[in-house]
Amino acid sequence: MKPLVAIPTKDRSRIILSKGNWRHTIPASDLPKWIALYASLRDRLAPKSKSGRPEGPGKYSAVYGPDLKALEAARKTLAAEDAT
C-alpha cells in the first residue's frame, strides 16, 4: 500500500490526509497530535534505552514510518511558508 499523503490546503488552515480510498481533513493545529500518534505507532515494540527512548526500529516502523515522514513534510511545508 502507498504511504499516507498529507497536503496543506491553500489557506494553510487544514491538512488533507489521504491513503488509498481513505480521506480525512484535520485542522492544521492538530498536526502535532497526529505526528505524535504516528511516531508512537512507529516506535511500538522498539528496543528502548534505559531512559525509555527508542534505540532502533520498532516492529511497526516499516508500516508507520513512511506515513510519519509525510506528516512531518507537511509540518515543514507549513513552517517554510510561515518563514516567508
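Structure: above.
This is a predicted model, so every value here is computed, not measured.

Undergrad: How would you sum up the environment of alanine 70? Please name residues and give values.
TA: Within the element layout of this structure, alanine 70 appears in helix α2 (residues 61-83). Judged by its relative accessible area of 14%, alanine 70 falls in the buried class. Along the sequence, alanine 70 and isoleucine 7 sit 63 residues apart, while their C-alpha atoms lie 8.7 Å from each other.

Undergrad: Pulling in residues and values, what's your account of the sheet that holds strand β2 (residues 14-19)?
TA: Strand order in this open sheet of three strands is β1-β2-β3, and the pairing throughout is antiparallel. The two strands at the open ends of the sheet, each matched to only one other strand, are β1 (5-8) and β3 (22-27). When the angles between neighbouring strand axes are averaged without regard to direction, this sheet yields 20°. Two elements, β2 and β3, share six bridges in a ladder whose sense is antiparallel. Along β3, the bridge assignment pairs lysine 19 with tryptophan 22. Across the sheet, helix α1 (residues 31-42) is in contact with β2 and β3; its angle to β3 comes to roughly 130°.

Undergrad: Explain the packing of aromatic side chains residue by residue, including any values.
TA: Summed over the entire model, instances satisfying the criterion amount to two aromatic pairs. Taking 6.3 Å as the distance between ring centres and 20° as the angle between the ring planes, the aromatic pair formed by tryptophan 34 and tyrosine 38 counts as stacked. Here the residue tryptophan 34 and the residue tyrosine 38 both occupy positions in helix α1, the gap between them amounting to four residues, near one helical turn. Residue tyrosine 38 is classed as buried on the basis of its relative accessible area of 11%. Between the aromatic rings of tyrosine 38 and tyrosine 64, the centroid separation amounts to 5.8 Å while the plane-to-plane angle is 75°, which identifies the pairing as edge-to-face. Here tyrosine 38 is found in helix α1, whereas its partner tyrosine 64 is found in helix α2, with 26 residues between them in sequence. Put simply, the rings of Trp34, Tyr38 and Tyr64 pair up and form one aromatic cluster.

Reading the values: the criteria
Residues numbered from 1 in each chain as written. Predicted model: local features only at pLDDT ≥ 70, side-chain atom pairs only at ≥ 80, totals over all residues. Heavy atoms only, no water. Helix = DSSP H or I, 4+ residues; strand = E, 2+ residues; numbered from the N terminus. Buried < 20%, exposed > 50% of the residue type's maximum accessible area, 1.4 Å probe, protein only. Pairing = 2+ DSSP bridges. Axes fitted to C-alpha atoms, helices over the stretch in contact; angles between N-to-C directions. Contact = heavy atoms within 4.5 Å. Phe/Tyr/Trp six-rings, centres within 6.5 Å; stacked < 30°, edge-to-face > 60°.

Spatial relationships are all this shows, so hold off on functional conclusions.
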